[in-house]
Amino acid sequence: MTSLLGLAVLAVTLSGSLAFVPIGGGASTHVSITGAALLQKVQETCKAVANDNGYDFNPTGNSPEEIVQACLGPTATGDVSGAKFHSALQEIYMQNGLVDRDFVNSAPHHFNSEAFLEGRGLITEGVLAIKANVRNENFQAARLALGKVLHTLQDFYSHSNWVELGHKEPYLNLIRQDLPIENIADMNTPTCRDCASGSCGNPILSNILNEGKLTSGYMGLFSDKKPSGKCSHGGLSDLTSLVVPRGGIHKDERRPDNKEYHDTAVKIATAATLQLLEDIRLAAGNNDFLRMLGIARSSVVCFVIDTTGSMSDDIEEARKVVYEIIDSKKGTQDEPSEYILVPFNDPAFGPVTKTSNPEIMKQEISKLSANGGGDHPEMCYSGIQLALTTAPSYSNIYVFTDASAKDANLKDTLVALIRATKSTVNFFMTGSSRRRRSTGGEFNDYKDLALASGGQAIQVTKGELPQATPIILDTSTSALVTILQQERNPGKPDTFSFSVDDSLKNITIYITGTSLSFTLTNPAGVTQSSSQTSGALATIKTVGNLWRSSLNADRTAGIWQISITSTSPYTVKVTGQSTIAFIYDFVEKFEGPHAGYAVLTGRPQEGQPTNLMLPVMGREGPSSLKIKQVSLISVSSSGSTNATISDMGNGGILATVPNLPGGEFVILLTGTDTVSNTEFQRQSTTLMSISKVNIQATVSNSVEPGKQFTLPFSVFTNGPGGQYKINARNDRNFPMNFPQSLNLTPGKYTNATLTITPPAGTASGTDVTLTIDASLGSDSNYVVLRLSVLEKITDFYPPMCKIISIQEDCPRDESQCHSSVWELTANLTDGNGTGIESVSLQKGQGTLSQLIHGDPAQYRYNATCCSQVVWIVAVDKIGNVGKCVHSIEHSASAPAEKLSVLLMLSLLFSVFIVRPN
């Protein structure tokens, strides 16, 4: 638990004043509440998955890496990275905190000012969006929505009088639209007494408490106005707290006068978070719930393939590689967690095939054939855009083509998406005998994109292609890390040093360029030249413009060197497999009543101090690492800028850079692995650069099919003023309107709006990736946003269950339970709802079978008397969850039917409800 919550501690310390702030000895925040609940639910889900698959969930430690490894099971051997788990948690935490920036003055988002119905609406709409996105495997969009929903849900217990009313359990009605929120104090009902000191513990009027009326504090950031006699939120930022009745009722802080209330609010908020997560888990299923949280084998393999007439050889080679990946990595930790296929031609591109089933991927890639085309350029960039917006962050994308891109106007959009997703794009560029061979300039466009992502741009003949594709097997692995990445353009002789630590395996050096030679030197001074294909240090293979050197397994830990001689441009990259890794985000601080840090989705601004958050992962959790330095390294020279680092504990690092370097740079992390006492270095892959421009935009809610959605955005520059070009694109080609240019004044934000309209038939749960960029001359910046399309929902009622019959005659002596069986028959219906989509057995060691199809559907459950409890879960087509629960425990003292009803009414999701006609 320590390691996971270390990320929570990091965000808590940075934000300083999140709601549920750690003041007065308390240490409970939105992040720690969310982290504790997520960890508990992950462990419960992993145990359930392990039980279903016949193995035990026994992590060797509490780090995310060890939890993920144990969750994936003992049969899959090899290292597994916890990076995606960390990344998923950070996304949820950040979105949770951003509610205090983006919706600071919105009463419903914080349950302030008695906005209970509106706040509940935000929660239920958000939960429906989460479920729809998970159903469509849009897991990032689901995580973003989850963070926001959890903030609002948790604020209810801190900002309302639920705790003062004596409640010890969550308010189920907040996540159930079909249940009413009643007994709200009306506008004219006074709710608080005056508290001149500002700290009176419980200033709520006795009649409000006696009558059980629900109220919350009014919050005024810009005005002290509030209805007469009403409670205030309280705190220095709340102007209404100075108006009689003075003081406030919030329980964000743990003070001497409210310790009990604060502690109770934290406990109930944690229980409510677990309650909501359980609802999502039941709707999504265990496997997709874990995938939403990044618990999967790290590798996602995505192929973008040109299918024009001259590509038959390339398609056949891509097919062979896919088959080899599937066959050779099945059952190991290197088995990809997902496969994505994006074909492109001219003028068509897509559709996308996205599957976790390797057999489906085999079928789909076997269907590809080369046809059409004719002119030289193709829709390559459109295919890559689809891949970048479909694949999860940190994916590996492999592009096969023998032509330049017709849609080169998308290049800036692709760079923005690469930087936002931190995915790696590799190009396999072949010549063509049927079409004009690509020129060096055309190839350089692909090289630029590959370098921006940390990928490779490999130029070979079609006959050489099979010798180049082993790079796909190298990089489609779990726990892949980058040790070094540099470029020299123009080329010049140079020597590159990198540190090899004891944890690294399968170390490979990639050099792309022409007319070059190099020498490897290990820490003991042993050398091997590039002319020695098999030597004391490595096995070296060349194909086209690629040199691939695989270090021998007995490599020496310490400082290695690569000395390259060339006058032509070249790149060098060193990778390996290790669970020592880091993830990062550039962040900016925001002020307000609950200050914090927000992730930058564009380029950092020039001339301003910049902060980075870096959760760091070790072999035995972050405690097995000692961090030495965080540096920003230029990829085209030896220049670097060191950051000032603050150890936030449990692997959390805050790095502050007074001035960012010019040009493109990456992040270098160095330190000591205490497990082996060897020095390590890790480097980010995605190139970043600075800009004088900044774009701010916030997605406030989901988008409805057939309805125009308006998105406000603002553009700022600390550079020259003038007419800046504005461009926007979305990956669904939905109609948009936006200003083509904005006249910017230095130092001031200029406001504008964009409208986007999903077609009326757009499926609920469709994820839309929108990029907006602003540019003047060579300076530009961007913002990448995700929109969720959600149909207007009218079905808020879960499926209903009616037990028809129970047959059991179990012995009182439990040691004889194996010799007897019991049986339950129940009808499940969704009434006037959308219809039941799935029925599953959540608890029980027996067999569930369907007797009657249709609505109602009838199911029978059989089990031995040793399995005494059954939970049958029904989920309708929009994710409403109902349970049918029965226990034969103590059946001798209570009629089975009566006990079953009592149990069901007492559980989280009672399904015995009256649905209106």
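What counts, and at which threshold
Residues numbered from 1 in each chain as written. Predicted model: local features only at pLDDT ≥ 70, side-chain atom pairs only at ≥ 80, totals over all residues. Heavy atoms only, no water. Helix = DSSP H or I, 4+ residues; strand = E, 2+ residues; numbered from the N terminus. Buried < 20%, exposed > 50% of the residue type's maximum accessible area, 1.4 Å probe, protein only. Polar contact = N/O pair within 3.5 Å; in protein donor to acceptor, adjacent residues only side chain to side chain. Axes fitted to C-alpha atoms, helices over the stretch in contact; angles between N-to-C directions. Parallel < 35°, antiparallel > 145°, perpendicular 65-115°, else oblique. Left-handed = near helix turned anticlockwise from the far one by under 90°. Contact = heavy atoms within 4.5 Å. Nonpolar A, V, L, I, M, F, W, Y, C, P; charged D, E, K, R; others polar. Disulfide = S-S within 2.5 Å.

Asks: Which residues make up the side chain of Thr430, and what values do they have?
Replies: Tracing the backbone shows Thr430 in strand β5 (residues 424-430). The exposure class assigned to Thr430 is buried, which follows from its relative accessible area of 3%. In terms of polar contacts, Thr430 uses its side chain to reach the side chain of Lys462, at 3.2 Å.

Asks: Residues and numbers for the packing of helix α2 (residues 30-52) against helix α9 (residues 259-284), please.
Replies: Geometrically, a packed helix pair is captured by the angle between its two axes and the distance between the axes. It is at 9 Å that the axes of α2 and α9 come closest, and there the two elements cross at 40°. The angle between α2 and α9 places the two elements in the oblique class. Along this stretch, α2 crosses α9, giving a crossing that reads as right-handed. Touching Ile33, Ala37, Leu38, Gln40, Lys41, Glu44, Thr45 and Ala48 of α2 are Val266, Ala269, Thr270, Thr273, Leu274, Leu277, Glu278 and Arg281, all from α9. Looking at the contact of α2 with α9 residue by residue, the classes come out as 8 nonpolar, 4 polar and 4 charged.

Asks: How would you sum up the state of the cysteines? Please name residues and give values.
Replies: Summed over the entire model, instances satisfying the criterion amount to 6 disulfides. In this model Cys46 forms its disulfide with Cys71; the gap between the sulfur atoms is 2.1 Å. Disulfide Cys46-Cys71: the torsion about the S-S bond is -95°, which places it as left-handed. One end of the pair, Cys46, is in helix α2; the other, Cys71, is in helix α3 (residues 64-72), and 25 residues separate them in sequence. With respect to burial, Cys46 and Cys71 carry one shared label: buried. A sulfur-sulfur separation of 1.9 Å characterises the disulfide bridge that pairs Cys195 with Cys200. In this structure, the disulfide formed by Cys195 and Cys200 twists by about 95° around the S-S bond and is classed as right-handed. Note on Cys195: relative accessible area 1%, which makes it buried. Of note for the protein chain: the bonded cysteines, numbered N- to C-terminal, pair according to 1-2, 3-6, 4-5, 7-12, 8-10, 9-11. Free cysteine Cys302: the closest other cysteine sulfur is in Cys380, separated by 12 Å.

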